[in-house]
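Residue-level structural notes
As a plain string of letters, each chain reads:
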Amino acid sequence: MKPIKQSAWLLVLPVMVVLSFSAIIPLMTVVNYSVQDILGPSRHVFVGSEWFSDTLQDPELQKALLRQLVFSSCVLLIEIPLGLSLALVMPTRGAASSAALVLLGLPLLIPWNVVGTIWQIFGRADVGLGGYFMNSILHINYNYALNPRDAWCTLLLLDVWHWTPLVVLLCYAGLRSIPDAFYQAAAVDGASSWAVFRHVQLPKLRGVLTIAILLRFMDSFVIYTEPFVLTGGGPGDSTTFLSEFLTKLAIGQFDVGPAAAFSLIYFLIILLFSWLFYTVLSAQGRAEGPV
Amino acid sequence: MARIQLRDIAHSYRPDPNRPEDYALRPLDLVWEDGGAYALLGPSGSGKSTLLNILSGLVRPSSGQLLFDGVEVTDRNTRERNIAQVFQFPVIYDTMTVFGNLAFPLRNRGVPRGVIRERVEKVAAILDLSNELGRRASGLTADAKQRISMGRGLVRTDVAAILFDEPLTVIDPALKWQLRRKLKQIHNELKVTLIYVTHDQTEALTFADHVVVMENGEVLQQGSPQELFEHPAHVFVGDFIGSPGMNLLPCILQDHVALVGGQPVTLSAHALDAHPNGALILGIRPEFIELADPGEAAQVTVTVTDIEPLGGHQLIRGRLGEHEIAIKALPEILVQIGETLPVWLPHAWIRLYSDGRLVN
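Just so we're clear, the structure is a prediction, and the values are computed from it rather than from any experiment.

**Describing the overall build of chain B**
Within chain B, the secondary structure is distributed over ten helices and 21 strands. With the C-alpha coordinates aligned to their principal axes, the bounding extent of chain B is approximately 80 × 50 × 30 Å. The burial tally for chain B puts 43% of its 360 residues in the buried class. In chain B, once contacts between residues fewer than 6 apart in sequence are set aside, the share between residues at least 24 apart is 66%.

The following block contains the structure:
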């Protein structure tokens, strides 16, 4: 057996230092807060799991969690099929394909808070094109600041507008990487366009779809800026999602202990769902062969 | 199964072709009989894949008509043509089992389940896939995948022809022989028209009854392997087929003899009638050149520059005047580099070419 060189630890050190400052120390601070009651700059009491049980029983938080789950599900259910369909019908060559790619790429370049502002103005009945159109031309009483349903619709529409292009681009890239021979063979075998989609395109897109689902899930599950700018969590608390709730708890009320406990729970929920999506999709892939 | 007829078919990938060079496939007329085994042979870019894709409907020809059994199919798409095609790289549906793959073309056409099972099992038996039917197709080796691709072509009883686009490229050499034999055997058993594209002359000559040699989008010659070997209609065919290819020696016809590198070669009277005088190319295969016995009067002399012992024969390379020439000889004949070798060029095997094309 070779002697183990302890000096190798030195090589790992830079990574450990960077990781400590970027992830481990902040996370440990949160863990530290989550088990103590901070009463003042130098007074704190160890409270064990009290914050955790308190937070989990908080009805406000439970409602926010439910809203969050519904919102993320809606986002996935709309954006994934829509993105995939758009990628399938997109032009594949010539100037039209470049134009389509640029148009789709534009929303992705706009910062979150600007997106929120754009839609906030767009949806206003007095100066916004969308709001004016709904109220004065279609005569539908639409007001996202007063009606929770309108607020939700606006927020979902905003997210679909902002992020579906990401799904489209991922699927488009995936589709382009399928060799022509597969389509030709399918044509020779007399496959209908549905059969081509089901047996050629969908299996070959599993990889990019997994990534798209994970990205869209994680992003929508931590959504903060857009509802903050658009509705401020209202009307009432109808669009108060988990991040918003957490921010109010930690910064608004300075309840650091419960906020830290909840941060950890929040983190675990995201980890759990991402792991679930990944495992299910790749197990499906293993059953069906390599991607 | 069908008789395939190409009437004046031409294809260009450019929108406004006017020069012959603009065509990937120059106008051609061909008839392929039902049940034949044909090979399309030519170097890369010779238009053979274009021709194959025209047959399968993946490419629509710029002009001309394509007929299957006398019925025009030029405007029909791939699905309606009943053509099967096997591609260079194995194409399998990796979410399906081997059975699913083989059954796919039949399922798409709404064939009853019982018939599908029967056909798939029969084809699997021919291709040695019977034991793999329940397996996922994705985990198999390249040659098994290529057998599945072939199987999808064979499983349909109504195909007009099965087209192969260099199907053995990804298969390793030992298995190539097996698969080629398998194809030959399938052809004998099923009597289906097979059209096989390749740039490998051995593959073409061993597989096909008829070989179509193409270059630059043009069909140079069509015939049996023997015809191509003995009567190349074009210098390209002479050079491309055979290993090494035909000796092509510039010559001048003068007073009933051909002057090659300054040395006179007698020709048959027939050859002289056609082209009494002028510059031509004289072609003769290395296999047909005879070494003269010592003391015997020879026609021309060759200076030996290199000798390659190849087991069953030796390849002598030399110079005839300023031209290079190759001669295949028995291994027991002793020759030395630098030696002057008296040889005969038998006039029965001499071919004359003008402008690249055969004249005698």
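**Structural notes on the overall build of chain A**
Helix and strand counts for chain A come out as 13 helices and two strands. Its C-alpha atoms give chain A a radius of gyration of 24 Å, clearly above 19 Å, the size a compact globule of 291 residues would have. The principal-axis extents of the C-alpha atoms in chain A amount to approximately 80 × 75 × 30 Å. Residue burial in chain A is summarised as follows: out of 291 residues, 27% are buried. Of the contacts formed within chain A by residues at least 6 apart in sequence, a portion of 69% connects residues at least 24 apart.

**Structural notes on the nonpolar core**
Residues B:Ala39, B:Ala161, B:Ile162, B:Leu194, B:Ile195 and B:Leu282 are the most contacted members of the largest nonpolar core, which totals 106 residues. In this view, B:Ile195 contacts B:Tyr38, B:Leu40, B:Leu52, B:Leu55, B:Ala161, B:Leu163 and B:Phe164; residues no more than four positions away in its chain are not counted.

**Examining the interface of chain A and chain B**
A common way to express how large an interface is: the accessible area buried when the components associate. In this assembly, 17 residues from chain A lie in contact with 22 residues from chain B. Those elements giving two or more residues to the side of chain A that touches chain B turn out to be helix H8 (180-188) and helix H9 (193-204) of chain A. The dominant element in the side of chain A that touches chain B, judged by the number of residues it contributes, is H8(A), at six residues. Here the residues of the side of chain A that touches chain B sort into ten nonpolar, five polar and two charged.

**Looking at the packing of helix H3 (residues 98-108) of chain B against helix H4 (residues 113-126) of chain B**
All names here are of chain B. For the pair H3 and H4, interaxial distance at closest approach is 10 Å and the crossing angle is 130 degrees. Considered as vectors, H3 and H4 are oriented oblique to each other. The element H3 and its partner H4 pack so that their crossing is right-handed. On the side of H3, the interface is formed by Phe99, Leu102, Ala103, Leu106 and Arg107, while H4 contributes Ile116, Arg119, Val120, Val123 and Ala124. The class makeup of the residues in the contact of H3 with H4 is eight nonpolar, no polar and two charged.

**Looking at the confidence of the model for chain B**
Here chain B averages 83 in pLDDT, while 95% of its residues score no lower than 70. With a pTM of 0.72, the predicted complex shows an ipTM of 0.72.

**Concerning the confidence of the model for chain A**
This prediction gives chain A a mean pLDDT of 85; 97% of its residues lie at or above 70. Looking at the elements of chain A, mean pLDDT is at its lowest for strand E1 (residues 36-40) of chain A, recorded as 77, and at its highest for helix H3 (residues 59-89) of chain A, recorded as 91.

**Concerning the environment of A:Asn147**
All names here are of chain A. Note on placement: Asn147 falls in the loop between helix H6 (129-137) and helix H7 (148-176). Its 15 C-beta neighbours within 10 Å are what place Asn147 among the partly exposed residues. Taking C-alpha positions, Asn147 is 9.2 Å from Ser238, a pair spaced 91 residues apart along the chain.

**Considering the sheet that holds strand E16 (residues 300-309) of chain B**
All names here are of chain B. The five strands lie next to each other as E15-E19-E16-E17-E18, forming an open sheet whose pairing is antiparallel. A single partner strand is all that each edge strand has here, and the edge strands are strand E15 (290-291) and strand E18 (323-329). Here E16 pairs with strand E19 (residues 340-344) via four bridges, running antiparallel. Of the residues in E19, the one forming a bridge with Val302 is Leu341.

**As for H4(B)**
When the terminal C-alpha atoms of H4(B) are compared, their 20 Å separation across 14 residues agrees well with the 20 Å that a helix rising 1.5 Å per residue should span. One or two steps after H4(B), the chain reaches B:Asp128, where phi turns positive at roughly 60 degrees.

**Some thoughts on the sheet that holds strand E10 (residues 218-223) of chain B**
All names here are of chain B. The six strands are arranged E6-E7-E8-E3-E9-E10 in an open sheet whose pairing can be described as mixed. The two strands at the open ends of the sheet, each matched to only one other strand, are strand E6 (83-86) and E10. Taken pair by pair, the neighbouring strands of this sheet meet at an average axis angle of 20 degrees, ignoring direction. Relative to strand E8 (residues 194-198), strand E3 (residues 37-41) is paired through five bridges, and the arrangement is parallel. When the bridges of E8 are listed, Leu41 appears paired with Thr198. This element, helix H5 (residues 142-154), spans E6 and strand E7 (161-165) of the sheet and lies at about 175 degrees to E6.

**Overview of helix H10 (residues 206-221) of chain A**
For H10(A), which comprises 16 residues, the first-to-last C-alpha distance of 22 Å matches the rise-based estimate of 22 Å (1.5 Å per residue) to within 8%. What H10(A) keeps buried is the set A:Val208, A:Ala212, A:Arg216, A:Phe217, A:Ser220 and A:Phe221.

**Here's the deal with unusual backbone geometry**
Residues and elements named next belong to chain B. The omega angle of the peptide bond from Ser243 to Pro244 is -5 degrees, so this bond is cis rather than trans. Following the sequence through the fold, Pro244 ends up in the loop between helix H9 (235-240) and strand E11 (247-254). The phi dihedral of Asp69 is positive, around 50 degrees, even though this residue is not glycine. For Glu166, which is not glycine, the phi torsion reads 45 degrees and is therefore positive. Classification of Glu166 by C-beta neighbours within 10 Å gives buried; the count is 21.

**Some thoughts on the environment of B:Asn108**
One can find B:Asn108 in helix H3. Judged by the 16 C-beta atoms lying within 10 Å of it, B:Asn108 falls in the partly exposed class. Residues within four places of B:Asn108 in sequence aside, it is in contact with A:Asp189, A:Gly190, A:Ala191, A:Ser192 and A:Ala195.

**Observations regarding the packing of H3(B) against H5(B)**
Residue and element names in this part refer to chain B. In contact at an axis separation of 7 Å, H3 and H5 are set at 35 degrees when each is read in the N-to-C sense. For the crossing formed where H3 meets H5, the hand is right-handed. On H5, the residues that touch Val98, Asn101, Leu102, Phe104 and Pro105 of H3 are Ile148, Gly151 and Arg152. Looking at the contact of H3 with H5 residue by residue, the classes come out as five nonpolar, two polar and one charged.

**Thoughts on the pairing of E11(B)**
Side chains on a regular strand alternate between the two faces of the sheet. Residues and elements named next belong to chain B. Alignment of E11 against strand E12 (residues 257-260), held across four bridges, turns out to be antiparallel. Along E12, the bridge assignment pairs Leu253 with Ala258. Between the antiparallel neighbours E11 and E12 lie two residues, among them Asp255 with a positive phi of about 45 degrees.

What counts as what
- All residue numbers refer to position in the chain's written sequence, counted from 1.
- As they are written, the chains are lettered A onward and the ligands numbered 1 onward, keeping that order.
- Restriction of local features to residues with pLDDT of at least 70 applies here, the model being predicted, together with a cutoff of 80 or more for giving and counting side-chain atom pairs; totals for whole chains, interfaces and linings are based on all residues.
- Secondary structure elements follow DSSP: runs of H or I no shorter than four residues count as helices, runs of E no shorter than two count as strands, and numbering proceeds from the N terminus.
- Partly exposed residues are those whose C-beta has more than 12 but fewer than 20 other C-beta atoms within 10 Å; with 20 or more the residue is buried, with 12 or fewer it is exposed, and the C-beta atoms are placed from the backbone.
- Residue pairs qualify as contacts under a 7 Å threshold applied to their C-beta atoms, which are placed from the backbone.
- Computation of the radius of gyration draws on C-alpha atoms alone. For the globule rule, the value is 2.2 Å times the number of residues to the power 0.38.
- Take the buried Ala, Val, Leu, Ile, Met, Phe, Trp, Tyr and Cys residues, join any whose C-beta atoms are within 7 Å, and the set you get is a nonpolar core.
- Amino acid classes used here: Ala, Val, Leu, Ile, Met, Phe, Trp, Tyr, Cys and Pro are nonpolar; Asp, Glu, Lys and Arg are charged; the rest, including Gly, are polar.
- Comment: axis = line fitted to C-alpha atoms, over the contacting stretch for helices; angle = value between 0 and 180 degrees taken between N-to-C directions.
- Angles are sorted into four bins: roughly parallel if under 35 degrees, roughly antiparallel if over 145, roughly perpendicular if 65 to 115, and oblique for all others.
- Note: crossing handedness is left-handed where the near helix turns anticlockwise from the far helix by less than a right angle, and right-handed where it turns clockwise.
- A residue's pLDDT is the predictor's confidence in that residue, given on a scale from 0 to 100.
- Two strands form a pair only when DSSP identifies at least two bridges running between them.
- Given a helix with a known number of residues, its expected span is that number minus one, times 1.5 Å.

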